[in-house]
Amino acid sequence: MKVSRRSHVPPFAVMEVLAAANSRRAAGHDVLNLCAGEPSTGASDVVRERAADLLRGADLGYTEAMGVPALRAEIAGHYRRWYDVEVDPARIAVTTGSSGGFVLAFLAAFDVGDRVALARPGYPAYKNILSALGCEVVELDCGPQTRYQPTVSQLMEAYYGGGLDGVVVASPANPTGTMITPAELDAIAGWCADHDVRLISDEIYHGIAYTDDVQQSTAASYTDRGAVVVNSFSKYWAMTGWRLGWLVLPDELVGPVDALAGNVALSPPALAQHAGIAAFTPAGYAAAAENVAAYAASRAALLDRVDELGWRPVAPADGAFYLYGNVSRFGLDAVTYCARLLAEADVAITPGTDFDAERGRDWVRLSFAAAPDVVARAVDRIVAWQATLEC
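Within every chain, residues take consecutive numbers counted from 1 along the sequence as written. At least 70 in pLDDT is required for a residue's local features to be given in this predicted model, at least 80 for side-chain atom pairs to be given and counted, and no such filter applies to totals for whole chains, interfaces and linings, which use all residues. Just so you know, side-chain values use all the structure's heavy atoms and leave hydrogens and water out.

An unreviewed UniProt entry lists the protein chain under the name Aminotransferase, with Isoptericola dokdonensis DS-3 given as the organism. UniProt positions are given in the numbering used here, feature names are shortened, and annotations may be inferred rather than shown by experiment. Taken from UniProt, the Sequence similarities (unreviewed entry) comment for the protein chain reads in full: "Belongs to the class-I pyridoxal-phosphate-dependent aminotransferase family." As stated in UniProt under Cofactor (unreviewed entry), the record for the protein chain gives "pyridoxal 5'-phosphate".

Bringing the packing of aromatic side chains into the picture now. Any pair of aromatic rings gets described here by the distance separating the centres and the angle formed by the planes. Here a Phe, Tyr or Trp ring, Trp counted by its six-membered ring, pairs with any other such ring whose centre lies within 6.5 Å, and the pair is stacked when the planes are under 30 degrees apart, edge-to-face when over 60, and tilted otherwise. Per the counting criterion, the structure on display carries 29 aromatic pairs. Measuring from ring centre to ring centre gives 6.2 Å for F280 and Y285, while their planes differ by 65°; the resulting arrangement is edge-to-face. Exposure classes here rest on a 1.4 Å probe applied to the protein chains alone. A residue is buried below 20% of its type maximum, exposed above 50%, and partly exposed in between. Residue Y285 is classed as buried on the basis of its relative accessible area of 14%. Through a chain of ring-to-ring contacts, three or more aromatic side chains come together here, namely Y79, W82, Y83, F233, Y236, W237, W246, F280 and Y285.

The subject of this paragraph is empty space enclosed by the protein. Put plainly, a pocket is an open set of points on a 1 Å grid over the protein atoms alone with protein on both sides within 12 Å along at least five of seven lines, a cavity is a set where a 1.4 Å probe fits but cannot get out, and a lining residue has an atom within 4 Å of a point. Grid points are joined across faces, edges and corners, and a volume is the space filled by probe spheres set on the points. Tallied over the full model, the rule gives 2 cavities of 30 Å³ or more. Quantified by volume, the largest cavity comes out at close to 110 Å³. Lining the largest cavity are 16 residues; nearest its centre among them are A119, P121, G122, Y126 and A170. Among the elements of the structure, β3 (115-120) and β5 (166-170) are those that each provide at least two residues to the lining of the largest cavity. Helical segments are the DSSP runs of H or I of at least four residues, strand segments are the runs of E of at least two, and each set is numbered from the N terminus. Looking at which element gives the most residues to the lining of the largest cavity, the answer is β5, with 3 residues. Along the lines of polarity and charge, the residues of the lining of the largest cavity split into 12 nonpolar, 4 polar and no charged. Volume-wise, the second largest cavity comes out at about 50 Å³. Contributing to the lining of the second largest cavity are V169, A170, S171, I180, L185, S201, E203, H206, S217 and A219. Asp, Glu, Lys and Arg are counted as charged, while Ala, Val, Leu, Ile, Met, Phe, Trp, Tyr, Cys and Pro are counted as nonpolar; the rest, among them Gly, fall into the polar class. Classifying every residue of the lining of the second largest cavity by side-chain character gives 5 nonpolar, 4 polar and 1 charged.

Turning to the domain arrangement of the protein chain, a few remarks are in order. Just so you know, the domain bounds were taken from an automatic or database domain assignment. Taken as a whole, the protein chain is organised into domain 1 (5-43 + 284-388) and domain 2 (45-281). For domain 1 and domain 2, the distance between their C-alpha centres works out to 24 Å. Contact residues are listed per partner, giving 37 residues for domain 1 and 44 residues for domain 2. Of the roughly 3,400 Å² buried at the junction of domain 1 and domain 2 (both faces included), carbon and sulfur atoms supply 57%. Two parts placed together each lose some accessible area under a 1.4 Å probe, and the buried area is that loss summed for both. Looking at the side of domain 1 facing domain 2, the largest losses of area belong to A43, Y285 and D318, adding up to 24% of the total buried there. By definition, a salt bridge exists where a carboxyl oxygen of Asp or Glu is found within 4 Å of a side-chain nitrogen of Lys or Arg. Linking domain 1 to domain 2 there are 3 salt bridges. Across the pair D356 and R120 runs a salt bridge whose closest N-O atoms are separated by 3.2 Å. Here a polar contact is recorded for every N or O atom pair within 3.5 Å, except that within protein the pair must consist of a potential hydrogen donor and a potential acceptor, and residues adjacent in sequence are included only if both atoms are side-chain atoms. Taken together, domain 1 and domain 2 are joined by 22 residue pairs in polar contact (both at pLDDT 80 or more). Among the elements of the structure, α10 (282-304), β9 (322-326) and β12 (363-367) are those that each provide at least two residues to the side of domain 1 that touches domain 2. With 9 residues, the single largest contributor to the side of domain 1 that touches domain 2 is α10. Here the side of domain 1 that touches domain 2 is composed, by residue class, of 22 nonpolar, 6 polar and 9 charged. Here, two residues are considered to be in contact whenever any of their heavy atoms come within 4.5 Å of each other.

This is the structure we're talking about:
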């Protein structure tokens, strides 16, 4: 029997590294895992306690396809508190993680053959999902000259070079951690609206930022121009396995997303939805802020040791919890570098080939979402192992 052409997308290498790391750990090795973008703390106590209460007696059957009204109202309140932006809860769709949100948003916004631009390096699932849905991906080469973020001039070049139907931006971005300034986001949103190009803004790392030079702004301010926001409980609230995310939609996509959501998944996980309401309590926010403080400590320690690591250049880590650096000086391609680092030093990090098919062979991504002492021990091992390569 045949296999569909749309399923022929590259595997996510980070999952292969994670599997190899877990295998070594199961065999008794002391593996330090810095490959996955997963906070080590897990959900806060207030969310866990709410989930335990729900398991003891709540009705956890199907919910509304767009999510329970109470959670959608809390998400709207979050936008008022953080961004001073009013969002009608009716325009919020709760999703099965941000991954489910991207599928719904792309299905509702784009047709087969539509051209959608995104930054390279960038999160590979954007490209792979769009390709599986029959869209043409237009990669924008975003290096140090643009701080690894797309510019209006690049969008114009793509638009006049063959047309453009959509653009995906991410701030903070994976794998680089770089952010888009409010002025840049305003310029991109305005250009997209003027040229009838759908803007999809990935904001799943919002709340995890370390610099006052770049303030976080949300494309929820531009839904009247057709922008779509994708967000998640996975990163800031450390709820990765709960599979809970959301979309903020322009009016014209609310009906289509509602219909698609009901057909694709019936509803997001009920337990996660009801427990997720607790993430927006003072205790939920406080726990998340403590996590961010730990990431900041790990980031500062890493940046202090960049010269010792010898990863040059590195992308500016404005937010998220990644250090993206060039390892070409060690004479190994990134896949080999990561495989040997795991096999010989028991440290798991991710090759840049996941994020950049053109230049990723020279780059690696290290996640500092683990505990600060784990990150420090991993850097010690990396530095010692790299010294053996230069002997």
